[in-house]
Amino acid sequence: LIALSVLASSYVLPAYASSETNTKVFEPPLRELWTRGPERVQRQWLIAGPVTAAVAQNIDMSSLRPAVGAALTSREPAVRWSPHTSWTDVTDLTTLAGRAPDTTGASIDRFVYVAASLPSATAGPMDLSIGSERPYSVWLNDTLVHTREAADVFVPDLDRLPVEMEQGENVGLLRFHETSAGSSH
C-alpha cells in the first residue's frame, strides 16, 4: 500500500530573532496537505512490475521514461508501465494489473516501480508525504531524494521528505521492495 501527498512549503514562515546569535530562526511550519483541485493525495499512477531483484539491480533509474505501454527495461520487455487510478487515499500494489495473490509461502525478493507526474505552479520547496509498509526509494526528476531500508507498519504520511520542485511537470519515481507476501502499501 502506498499513499503519496505533496505539501506546499513555498510560503513565508514566521521569523524570530535569536538572542544568542542575532540571526533569524524559523519556526517549523505546521502544514496542511496541499490540494490540487479537490484532492490531497496522488491518485494517478503508472505502475510496472514486479521484477526480480536481479533485474532491478541492473535498472538505472535515471534512464527510466515511464509511459503507458512502454517497457520498463529492455531486459524484461514484457514488464510494461500500466496506468492506474486510485479511488482512495491508499493504493495496494499487489492487487493491480491482475497480479495473483502470493499464497505459496515461498520467499519473495522483487521490486515494483511506480511513477507519477507532480505538477507545480512555481519552483521551490515542497514536501512529499509518503506512507508505505514496504522498503522504498524515491527519485524526483532523476535525483534520489530518499530511501527507507526497512519495512514498517503502514501509516499514511509517515515520511515527510523536503524536496525542491521545478516549475511545471516533475516526475516522481518510487521503487518498492517486496520481501513478503501480502498487501503492498
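The structure this text deals with has already been given above.
Remember, predicted model here, so these are calculated numbers, not experimental data.

Calculation notes
Residues numbered from 1 in each chain as written. Predicted model: local features only at pLDDT ≥ 70, side-chain atom pairs only at ≥ 80, totals over all residues. Heavy atoms only, no water. Buried < 20%, exposed > 50% of the residue type's maximum accessible area, 1.4 Å probe, protein only. Helix = DSSP H or I, 4+ residues; strand = E, 2+ residues; numbered from the N terminus. Pairing = 2+ DSSP bridges. Axes fitted to C-alpha atoms, helices over the stretch in contact; angles between N-to-C directions. Core = buried A, V, L, I, M, F, W, Y, C linked by side-chain atoms within 4.5 Å. Contact = heavy atoms within 4.5 Å. Phe/Tyr/Trp six-rings, centres within 6.5 Å; stacked < 30°, edge-to-face > 60°. Salt bridge = Lys/Arg side-chain N within 4 Å of Asp/Glu carboxyl O.

Peer 1: I'm lost on the pairing of strand 10 (residues 136-140) in this one. Help?
Peer 2: Within a regular beta strand, the side chains point alternately toward one face of the sheet and then the other, so they alternate between its two faces. Burial runs high along strand 10: five of the five residues are buried. Direction of pairing for strand 10 relative to strand 11 (residues 143-148): antiparallel, over a ladder of five bridges. For Trp139, the partnering residue across the bridge sits in strand 11 and is Leu144. In this antiparallel pair of consecutive strands, strand 10 and strand 11, the connection spans two residues, and Asn141 shows a positive phi of 50°. Bridge count between strand 10 and strand 13 (residues 171-178): five bridges; the pairing is antiparallel. The partner of Leu140 across the bridge, within strand 13, is Gly172.

Peer 1: Before we go on, may I ask you to explain the sheet that holds strand 7 (residues 82-85) in this structure?
Peer 2: Strand-to-strand pairing in sheets goes through backbone hydrogen bonds, with the strands running parallel or antiparallel. Overall, antiparallel pairing links the six strands, which are arranged 7-4-8-13-10-11 in an open sheet. Each of the sheet's edge strands pairs with one partner strand only, and the pair in question is strand 7 and strand 11. With strand direction ignored, the average angle separating the axes of adjacent strands in the sheet is 25°. Across five bridges, the pairing between strand 4 (residues 44-52) and strand 8 (residues 110-117) is antiparallel.

Peer 1: I would appreciate a short explanation of the nonpolar core in the present structure.
Peer 2: Generally speaking, a soluble globular protein has its nonpolar side chains buried in company with each other. Judged by nonpolar contacts, the single largest core of 18 residues is most densely connected at Val114, Val138 and Leu174. Contributing elements (two or more residues each) for this core: strand 4, strand 8, strand 9 (124-132), strand 10, strand 12 (159-165) and strand 13. Other than its neighbours up to four places away in sequence, Val138 contacts Leu128, Ile130, Thr143, Leu144, Val145, His146, Leu161, Leu173 and Leu174. Formed by 17 residues, the second largest nonpolar core is a distinct cluster that contains Ala53, Leu72, Tyr113 and Trp139.

Peer 1: Looking at this structure, I do not really get the packing of aromatic side chains. What am I missing?
Peer 2: For any two aromatic rings, the description comes down to two numbers: the centre-to-centre distance and the angle of the planes. Considering all chains together, one arrives at one aromatic pair under this definition. Measuring from centroid to centroid gives 5.8 Å for Tyr136 and Phe176, while their planes differ by 35°, and the two rings are tilted. On the criterion of sequence distance, the pair formed by Tyr136 in strand 10 and Phe176 in strand 13 is long-range, its members being 40 residues apart. Under the relative-accessibility criterion, Tyr136 is labelled buried at 1%.

Peer 1: Any chance you could explain the pattern of salt bridges here in plain terms?
Peer 2: Note that side chains of opposite charge can pair when their charged atoms are close. Summed over all chains, the structure comprises three salt bridges. Arg65 serves as the salt-bridge partner of Asp142, at 3.6 Å between the closest nitrogen and oxygen. One end of the pair, Asp142, is in the loop between strand 10 and strand 11; the other, Arg65, is in the loop between helix 1 (53-57) and strand 5 (71-73), with 77 residues separating them in the sequence. Among the residues examined, Arg65 registers a relative accessible area of 55% and is labelled exposed. A salt bridge links Glu178 to Arg110; the shortest N-O distance between them is 2.6 Å. One end of the pair, Glu178, is in strand 13; the other, Arg110, is in strand 8, and 68 residues separate them in sequence.

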